[in-house]
Amino acid sequence: MLKWLVRLLSFVLFLGICGLVAVFVLYQQIRAELPDVSTLKEVRLEIPMRVFSQDGELISQYGEQRRNPVTIDAMPPLLIDAFLATEDARFYEHPGIDPIGITRAAIIWISTGEKRQGASTITQQVARNFFLSREKTVIRKIKEIFLALHIETLLSKDEILELYLNKIPLGHRSHGVAAAAQVYYGKDLAELTLAEMAMIAGLPQAPSVLNPISNPRRAGERRAIVLGRMLETGKINRSQYDEAMAAPVAARYHGAEITLNAPYLAEMAHQFALSLYGDEAYTRGLNIYTTVQANEQHAANQALINGLLAYDLRHGYRGAVASLWQGAPAWDGQRIREHLDEQPRYWPLEPAVVTAVAERRATVIIRDRGEAELDWDGLKWARRYIADNRQGNAPRRAADILKPGEQIWVRPQGEGWMLGQLPEINGALVALEPASGAVTALVGGFNFTLNKFNRAEQAARQMGSNIKPFIYSAALDHGFTLASMVNDAPINHWDAGSGNAWKPRNSPNVYDGPIRVREALARSKNVVSIRLLRDTGIANAMQRLNQFGFNTADIPATESLALGSPSATPLQMATGYAAFANGGHRVTPYVVARIEDTQGQLLYQAQPVRERAVSEENAFLITEALSSAIWGGASDGRRWNGTGWRAGRALERKDIAGKTGTTNDSRDAWFSGFSPDRVATAWVGFDDFGRPLGRTAHNPNLGPEQVAGGEFGGSTALPIWSEYMKAALAPFPVRERAVPPGIVSVSIDSGSGLRASNGGIGEYFVEGTEPSRYGRPGSTSQFGGTSITDELF
């Protein structure tokens, strides 16, 4: 018996030696195929690109994988215990492979022929996740074992666990535990409950089918297994187990934790990063800090949306989105809520369903808000839309507007709600820091999800009267002053080529005869702009537009230039006006201030570009005239208002200047204006170039402050600009406009533009261009400029 036992032991020893030799030979054969695990010392996890505001608010995130690497010290101990209990209970005892687990898996394989247990330790999973595929073959498992043994000699247990918990795929594009906590629960790791930790720890086995969003039932079953293992291993007590088991399987998809809504600007920053780094930008963990401040961007969002909704409401109600039922039977509350859960939302508009209509109120169910009342103040605006220039009668009762079963839009109004609708009109608002060109706020449309076309940067629209300051700037360098008198009289120009007469008109169609240049710009006199262009020369005006950053290569060299026939984007327009605000320098607008890597190392820093466009004196004089466009002035004993008077009333500060702009048939409405600290352009129009903005009749249901009549730059775009600028300029004190050294002030007679012998009004001139002759009160001067060729009609 003893002899047979010795033989058996010898045979086992022989087999062991043969096994070791076989393993050594196998290792020598595949060693060349094994990757270098030392790269784990310098591993760079694929982290998405993030875009922030200047003050650190998250605007957007780009990348296929959601990952937010954290150190093991920042991970809750219970979360680590949950993973260890489920994935590798002997992690801190074994050398990288678990012989007990391997033996158990081998026995099951031999006895059943099925690979039910992978027997992979966490170290082996790190090896597989970083270096190998997930195919279930013997050679892959052998490579995995060798790599795991190598890794254990290179890294500490905590380093291995940290890599694992940051790399592991956990479903819905989340990689790593921090990303999973955000995706499923919208929480940081420290905020997770035990039930939520157990849920996440149960995901590695099959994240696509065991996650609580895709399959709550199976996810709950897997959570129970994790909690059971934690109880068995003593990581939690019975009370903790019972409480976690009783917790509901509640999870929903959470996008990136966006804290500032600026998607149009984020996409501009995204494209800029791609131009620098290519596709690598998606995985390097770039932190892109833009030039916007959160408070200004929020103000811009609110101002544009308020302006577009105000336009849309005064043009009438276009009706319900859909009619879900008519008469009986009405849907029950559960069916309504399920339907609403499938509907989109476009801030501040929320989908709702009308359930009851009374005399002057309606009851609705709002998505995620439940039942609410729309009172008459939230309904009475809704006269019927007929056309862009025609509205129906004002409603008298709620039934004139709504019916039970209709799906509608609502939006907040004070403490309650009001009827709304998705606007067909669109617009843009862009603001810059004049001195540098840094974009401080940008909104490219009503809603980025609805339409990603960035009108602030991409919509080239006719400039209208927004072009006039640039034409006047050229005129001031070619013989004119702010006091020059120009004939504000109709023009009738025969074009022999077309056989037609060109008869440009003022808007409104009123003419004042001889008028000073300052007043003509402030009151946006069309015919004066044409006369100035004629005397200045079209070539000189085109050159001046180039100096302000406009590309004139495709602009016809005709007199219609003076009325704004060229096209520009709102961003180009704001950039042009910035030169007036900063003393004559052309700036290059930019949205990315700096780019850092995950360690805070600076990779890119913006270098603002400035170059002289016009003289400081020229910029000052145009700013003076644009200030009069807001604050008005006096001429020949009478007071007059500029086209931007609403801005003065809204902001009540004297350091602002600006210009309205409206194109033919009111297809585009503009307002561009500035202070020494901010320049901004607001534009409103339909994406359909041929659709006019129309006009509105007075609505007797609304108050005296309503806008009625035609839609123009001063009534449609200016309120958006004013609302934004009121918030943006709040931190800046009013600054008195500095007078350049080359400017002199002379008292002139307002009716003639000549020097005043006594009294008169003050006017600024480039030194040497001030009038030398004196005028008499009530006299009329010769027209200024280099030639007098126009007759009066």
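Below is a short write-up of the structure.

Parameters at a glance
Residues numbered from 1 in each chain as written. Predicted model: local features only at pLDDT ≥ 70, side-chain atom pairs only at ≥ 80, totals over all residues. Heavy atoms only, no water. Helix = DSSP H or I, 4+ residues; strand = E, 2+ residues; numbered from the N terminus. Buried < 20%, exposed > 50% of the residue type's maximum accessible area, 1.4 Å probe, protein only. Areas by Shrake-Rupley, 256 points an atom, 1.4 Å probe, with all protein chains shown as cover. Axes fitted to C-alpha atoms, helices over the stretch in contact; angles between N-to-C directions. Parallel < 35°, antiparallel > 145°, perpendicular 65-115°, else oblique. Contact = heavy atoms within 4.5 Å. Pairing = 2+ DSSP bridges. Phe/Tyr/Trp six-rings, centres within 6.5 Å; stacked < 30°, edge-to-face > 60°. Core = buried A, V, L, I, M, F, W, Y, C linked by side-chain atoms within 4.5 Å. Patch = residues over 30% accessible without salt bridge, like charges linked within 9 Å, V, L, I, M, F, W, Y side chains within 5 Å. Salt bridge = Lys/Arg side-chain N within 4 Å of Asp/Glu carboxyl O. Lys, Arg positive; Asp, Glu negative; His and termini not counted. Charge placed at Lys NZ, Arg CZ, Asp CG, Glu CD.

1. Things to note about the overall build of the protein
Inference 1: For the protein, the count of helices and strands is 23 helices and 34 strands.
Inference 2: Every one of the 793 residues in the protein was classed for burial, and the buried ones make up 52%.
Inference 3: With the model as given, the accessible surface of the protein reaches about 36000 Å², and the carbon-plus-sulfur share is 51%.

2. Observations regarding the packing of helix α8 (residues 194-201) against helix α10 (residues 216-232)
Inference 1: As a packed pair, α8 and α10 sit with axes 8 Å apart at the nearest point and diverge in direction by 105°. Viewed along their axes, α8 and α10 adopt a mutual orientation that is roughly perpendicular. Taken together, the residues of α10 that come into contact with α8 (itself represented by L194, A195, A198, M199 and A201) are A219, R223, V226, L227 and M230.

3. Concerning the sheet that holds strand β13 (residues 439-443)
Inference 1: Taken together, the five strands give an open sheet; going across it, the order is β13-β12-β28-β27-β26, and neighbouring strands pair in antiparallel fashion. Bordering the open sheet on either side are β13 and β26 (657-662), each of which pairs with just one other strand. The average undirected angle you get between the axes of adjacent strands in this sheet is 5°.
Inference 2: As paired elements, strand β27 (residues 668-674) and strand β28 (residues 679-685) share seven bridges and run antiparallel to each other. Counterpart to W670 in the pairing with β28 is W683.
Inference 3: Across the face of the sheet, helix α21 (residues 616-631) comes into contact with β26 and β27 while running at roughly 70° to β26.

4. So, the pairing of strand β12 (residues 426-432)
Inference 1: The buried fraction of β12 amounts to seven of the seven residues, a majority that puts the element mostly inside the structure.
Inference 2: Neither face of β12 is left uncovered, since the one carrying N426, A428, V430 and L432 and the one carrying G427, L429 and A431 both have all their residues buried.
Inference 3: Sheet topology places β12 next to β28; seven bridges connect them, and they run antiparallel. Note that in β28 the partner of V430 across the bridge is T681.
Inference 4: Note that β12 and β13 share four bridges and pair antiparallel. Looking at β13, one finds that L429 is bridged to V443.
Inference 5: Taken together, β12 and the strand that follows it, β13, pair antiparallel across an intervening segment of six residues, in which G437 is found at a positive phi of about 90°.

5. Structural notes on α8
Inference 1: Counting buried residues in α8 gives eight out of eight residues, a clear majority hidden from the surface.
Inference 2: All of the buried residues in α8 are L194, A195, E196, M197, A198, M199, I200 and A201.
Inference 3: Summarising the contacts, the buried residues of α8 are in contact with α2 (77-87), α7 (177-185), α10 and α11 (238-246).

6. Digging into the packing of aromatic side chains
Inference 1: Applying the stated criterion to the full structure yields 17 aromatic pairs.
Inference 2: The interplanar angle of 80° and the centroid separation of 5.0 Å between the aromatic rings of F91 and Y92 together place this pair among those described as edge-to-face.
Inference 3: Here F91 falls in the buried class, since its relative accessible area comes to 0%.
Inference 4: Three or more aromatic residues link up through ring pairs in this structure, and these residues are F470, F548, F550, Y577 and F580.

7. Description of the nonpolar core
Inference 1: With 80 residues, the main nonpolar core has I288, F470 and L561 as its most contacted residues.
Inference 2: In contact with F470, other than residues within four places in its own chain, are M463, R544, L545, F548, F550, M573, G576, Y577 and F580.
Inference 3: In this structure, L189, A195, I200 and M230 belong to the second largest nonpolar core, which totals 48 residues.

8. Overview of the sheet that holds strand β2 (residues 58-62)
Strand pairing in a sheet takes place through backbone hydrogen bonds and is either antiparallel or parallel in direction.
Inference 1: Pairing in this open sheet of five strands is mixed, and the strands run β2-β1-β3-β21-β22 from one edge to the other. Two strands in the sheet have a free side with no partner beyond their single neighbour: β2 and β22 (602-605). Across the sheet, the mean angle separating the axes of adjacent strands is 15° when strand polarity is ignored.
Inference 2: With three bridges joining them, strand β1 (residues 49-52) and strand β3 (residues 287-290) adopt parallel strand pairing.

9. A short note on a negative patch on the surface
Inference 1: A cluster of acidic side chains, namely D332, E338, D341 and E342, defines a negative patch on the protein surface.
Inference 2: For E342, the location among the structural elements is in the loop between α14 (333-341) and β5 (350-357).

10. Topic: the pattern of salt bridges
Inference 1: Inspection of the entire model under this criterion finds 37 salt bridges.
Inference 2: Among the ionic pairs, E424 bridges to R318, the shortest N-O distance being 3.4 Å. Here E424, found in the loop between β11 (416-420) and β12, pairs with R318, found in the loop between α13 (294-314) and β4 (322-323); they are 106 residues apart in sequence, far enough to count as distant.
Inference 3: The class for E424 is partly exposed, based on a relative accessible area of 39%.
Inference 4: With relative accessibility at 27%, the residue R318 sits in the partly exposed group.
Inference 5: R544 is the salt-bridge partner of D477, the closest N and O atoms lying 2.8 Å from each other.

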